[in-house]
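Chain by chain, the residues:
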Amino acid sequence: MAVSPKQVVVVGGGIAGLATALALQERAAEAGFPLACTLIEAESEWGGKVVTHRVGELIIEAGPDSFLSQKPWALELCGKLGLSGQLINTNEFQKKTFVFSRGRLRELPEGLVVIMPTKLGPLFRSGLLSWSGIARMALDLVIPARRGAGDESLASFFRRRLGHEAFERLVEPLMAGIYAGDAEQMSLRATFPRFLDIEQQHGSLIRGMLAGRKLTRPAARLGSPNRTMFVTLQNGLGEMVQALVGRIAGAGATLMPARQVVAIRARCDRPGVRTYDVVLENGSAVSAEAVVLATPAFVSAELVRPLSPASARLLDTIPYVSTATLSLAYDAGALGSSVGGFGFVVPRTEGRDLIAATWTSLKWAHRAPPRQALIRCYVGGVGREAILKADDETLVRRVRAELRSMAGIAAEPAYVEVNRWERGMPQYTLGHLDRLEEIKVSLRNYKGLYLTGAAYRGVGIPDCIRDGSETAAEVIRHLASRQ
Ligand SMILES: Cc1cc2nc3c(=O)[nH]c(=O)nc-3n(C[C@H](O)[C@H](O)[C@H](O)COP(=O)(O)OP(=O)(O)OC[C@H]3O[C@@H](n4cnc5c(N)ncnc54)[C@H](O)[C@@H]3O)c2cc1C
């Protein structure tokens, strides 16, 4: 007798939802049971924050423009999707990154791994820190590791270990470039737990870094020695979305774009066994034995509120910040001599509008034709969201004024594109990991209902892919236990 397929609905077709759907199909095939997977996305396009626009020969990333190669999950997915040949490294001839500090762009010391310098010589030579700042940093060698398991903010941790100056001029701007967050509020355990591990193991960040070189060659350790720290796809990250959608549809999933999920209803068919109705804006519903919410936490909160008000309240406490990216294309010859390297970050203490600017066409090949230069500016984030109230024209004017005063770019751009990300970036604030545990407990009566995506266990693309895949494994275990 044919076994009827297990029904699973994934809500949200961002990278996490797509990765979940693919992993569900793969794992169900491995487990040997038929699965009917339905993926529902509110927008007409797939990919969520991953949006690539092609404008003539320009490749413009509206959201993420690359991903970390140290975390293997995105690289592995690209391999699986046949995209390894499309992966590109950062331009090895332009490796420098700058920080705008005390009135000018200063080169960041080479050997940075994410937010932490791993080579001390270049740090000394960079002039970014004063001698007293460097001396304070060296105290990291003798300051004992913190006792106690309580959460600590990023700001408190790095100030305690490396001093105020290294935190403000080096760590904070690099961190803000990733999370657009407030380091005073962000949980170290939830964002950069390996720094905590290094402190606990070596008693000092510098010693840990010099000793095990734990952080210095991670890409090599993970079997991708030819990859730079960040990588992207030749035709933009949208390629990954297209390939994923093609693969999922090819394996038989039902794809429902431009359909908003407005409610989840739960039925109890047998004691402890639930079935869900996923209700769409047009009143129709899709039934499922398991539902994965791959939506932002504030959307998931509304969907679970009638089922579990406690879970909704906890989800409500995951804050989001808004940001915008501005892509500006110029004639290649029109930019001044300050434009070199990958771009620059701006410490919060500088009080500027920009969080960061990337010289996109220098950092990556294929982003603009040789006659053009593409720049991408990042604005908004915690404490700097006011600028987002401005209309596009004003936003562009203010960003151009920043580029003029910080990098001497006075030329008129030939093309400008503004992409706004309202509540686009979740913030892992103090106590985030405890909150996740509480959310799990609060949903224990709703077996078969899962949460994945950037709000929980990593905001970057590789972490979203890993989380989607691990969530799929949980779903498959749950379905197998119902058989
Ligand atoms: C400007 C910016 C730059 C970034 N840069 C990088 C970077 O360079 N590298 C990196 O690794 N990461 C970067 N990130 C982070 C990363 O892009 C995101 O964290 C990740 O893409 C989020 O994926 P997700 O699937 O969890 O969520 P989303 O992409 O937000 O997907 C959620 C989906 O759910 C859909 N949805 C919402 N409500 C409903 C509903 N009711 N019914 C149906 N569907 C619904 C949405 O339309 C959306 O498509 C960046 C993020 C931003 C905003």
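Residues numbered from 1 in each chain as written. Predicted model: local features only at pLDDT ≥ 70, side-chain atom pairs only at ≥ 80, totals over all residues.

**Some remarks on the overall build of the protein**
Link 1 in the chain: Scanning the protein for helices and strands turns up 17 helices and 22 strands.
Link 2 in the chain: For the protein, the C-alpha radius of gyration of 23 Å lies close to 23 Å, the compact-globule estimate for 483 residues.
Link 3 in the chain: For the protein, the spread of C-alpha atoms along the three principal axes comes to 75 × 55 × 40 Å.
Link 4 in the chain: In the protein, which comprises 483 residues, the share counted as buried stands at 49%.
Link 5 in the chain: Long-range contacts, defined as pairs at least 24 residues apart, comprise 73% of the intrachain contacts of the protein with a sequence gap of at least 6. (Helix = DSSP H or I, 4+ residues; strand = E, 2+ residues; numbered from the N terminus. Rg over C-alpha atoms; globule rule 2.2 N^0.38 Å. Buried ≥ 20, exposed ≤ 12 C-beta atoms within 10 Å, placed from the backbone. Contact = placed C-beta atoms within 7 Å.)

**Quick notes on the packing of helix 2 (residues 73-80) against helix 17 (residues 461-482)**
Link 1 in the chain: Where helix 2 contacts helix 17, the two axes come as close as 7 Å, and the packing angle between them is 70 degrees. One finds that helix 2 runs roughly perpendicular with respect to helix 17. Contact residues: helix 2 offers W73, A74 and L77, while helix 17 offers I461, P462, I465 and R466. (Axes fitted to C-alpha atoms, helices over the stretch in contact; angles between N-to-C directions. Parallel < 35°, antiparallel > 145°, perpendicular 65-115°, else oblique.)

**A closer look at the packing of helix 12 (residues 297-304) against helix 13 (residues 309-316)**
Link 1 in the chain: It is at 8 Å that the axes of helix 12 and helix 13 come closest, and there the two elements cross at 165 degrees. Relative to helix 13, helix 12 is oriented roughly antiparallel. In this structure, helix 12 crosses over helix 13, and the sense of that crossing is left-handed. Where helix 12 approaches helix 13, its residues A297, F298, S300, A301 and V304 are matched on the opposing element by S311, A312, L315 and D316. (Left-handed = near helix turned anticlockwise from the far one by under 90°.)

**Thoughts on the sheet that holds strand 8 (residues 104-107)**
Link 1 in the chain: Strands sit in the order 8-7-18-19-20-17-21 across an open sheet of seven strands; the sheet is mixed. One side of each edge strand has no neighbouring strand; the edge strands of this open sheet are strand 8 and strand 21 (415-426). Averaged over all adjacent pairs, the angle separating strand axes in this sheet is 25 degrees, with direction ignored.
Link 2 in the chain: Across three bridges, strand 7 (residues 97-101) lies against strand 18 (residues 343-345) in parallel orientation. (Pairing = 2+ DSSP bridges.)

**Observations regarding the site of the ligand**
Link 1 in the chain: Looking at the ligand, there are 36 residues lining it, with G12, G14, G48, P64 and G453 nearest.
Link 2 in the chain: Those elements giving two or more residues to the shell around the ligand turn out to be helix 1 (15-31), strand 17 (320-331), strand 21 and helix 17. (Near = placed C-beta within 6 Å.)

**Focus on the nonpolar core**
Link 1 in the chain: If you look at the biggest cluster of nonpolar residues, it comprises 141 residues, and the most contacted ones within it are V11, L18, L24, V278 and V291.
Link 2 in the chain: Each residue touching V278, except ones within four places of it in the same chain, is listed here: V9, V11, I40, V261, I264, A285, V286, A288 and V291. (Core = buried A, V, L, I, M, F, W, Y, C linked by C-beta atoms within 7 Å.)

**Some points on the domain arrangement of the protein**
Link 1 in the chain: What the domain assignment lists for the protein is domain 1 (6-48 + 241-318 + 428-482), domain 2 (108-218) and domain 3 (320-426).
Link 2 in the chain: Relative placement of domain 1 and domain 3: their C-alpha centres are 34 Å apart.
Link 3 in the chain: Along the lines of polarity and charge, the residues of the side of domain 1 that touches domain 3 split into eight nonpolar, no polar and no charged. (Domains from an automatic or database assignment. Nonpolar A, V, L, I, M, F, W, Y, C, P; charged D, E, K, R; others polar.)

**Brief notes about unusual backbone geometry**
Link 1 in the chain: Positioned with a positive phi, A258 is a non-glycine residue whose angle comes to about 55 degrees.
Link 2 in the chain: Mapped onto the fold, A258 is located in the loop between strand 12 (254-256) and strand 13 (261-270).
Link 3 in the chain: By C-beta crowding, A258 is classed as exposed, having 11 other C-beta atoms within 10 Å.
Link 4 in the chain: You will see that H366, though not glycine, has its phi angle at about 75 degrees, which is positive.

**Some thoughts on the environment of R102**
Link 1 in the chain: For R102, the position within the fold is in the loop between strand 7 and strand 8.
Link 2 in the chain: Sequence separation of R102 and L395 is 293 residues, and the distance between their C-alpha atoms is 24 Å.

**Some thoughts on the environment of I409**
Link 1 in the chain: Relative to the helices and strands, I409 resides in the loop between helix 15 (392-407) and strand 21.
Link 2 in the chain: Put simply, I409 and S338 are 71 residues apart on the chain and 8.2 Å apart in space, counted from C-alpha to C-alpha.
Link 3 in the chain: Once residues within four sequence positions are removed from consideration, I409 is found in contact with L335, G336, V339, L403 and R404.

**As for the confidence of the model for the protein**
Link 1 in the chain: When the pLDDT values of the protein are averaged, the result is 92; 94% of them are 70 or greater.
Link 2 in the chain: Confidence drops under pLDDT 50 across residues 214-223; counting only partners more than four residues distant or on other chains, this segment forms 18 contacts. (pLDDT = per-residue confidence, 0-100.)

**Description of the sheet that holds strand 14 (residues 273-280)**
Link 1 in the chain: Spatial ordering of the open sheet is given by 13-14-15, a layout of three strands whose pairing is antiparallel. In this open sheet, the two strands that pair with only one neighbour each are strand 13 and strand 15 (285-288). Strand-to-strand twist across the sheet, computed as the mean angle between neighbouring axes with direction ignored, equals 20 degrees.

**Looking at the pairing of strand 13**
On a regular strand, each side chain points to the face opposite its neighbour's, so the side chains alternate between the two faces of the sheet.
Link 1 in the chain: Note: strand 13 against strand 14, eight bridges, orientation antiparallel. By the bridge assignment, R265 is partnered in strand 14 with D277.
Link 2 in the chain: Counting the residues that bridge the hairpin from strand 13 to strand 14 gives two residues, and of these G272 lies at a positive phi of roughly 80 degrees.

**Brief notes about the environment of P413**
Link 1 in the chain: Looking at where P413 falls in the secondary structure, it is placed in the loop between helix 15 and strand 21.
Link 2 in the chain: According to the C-beta neighbour criterion, P413 is buried, with 21 such atoms within 10 Å.
Link 3 in the chain: As for P413 and A329, which are separated by 84 residues in sequence, their C-alpha atoms are 5.5 Å apart.
Link 4 in the chain: If we skip the residues at most four places from it in the chain, P413 touches L328, A329 and Y330.

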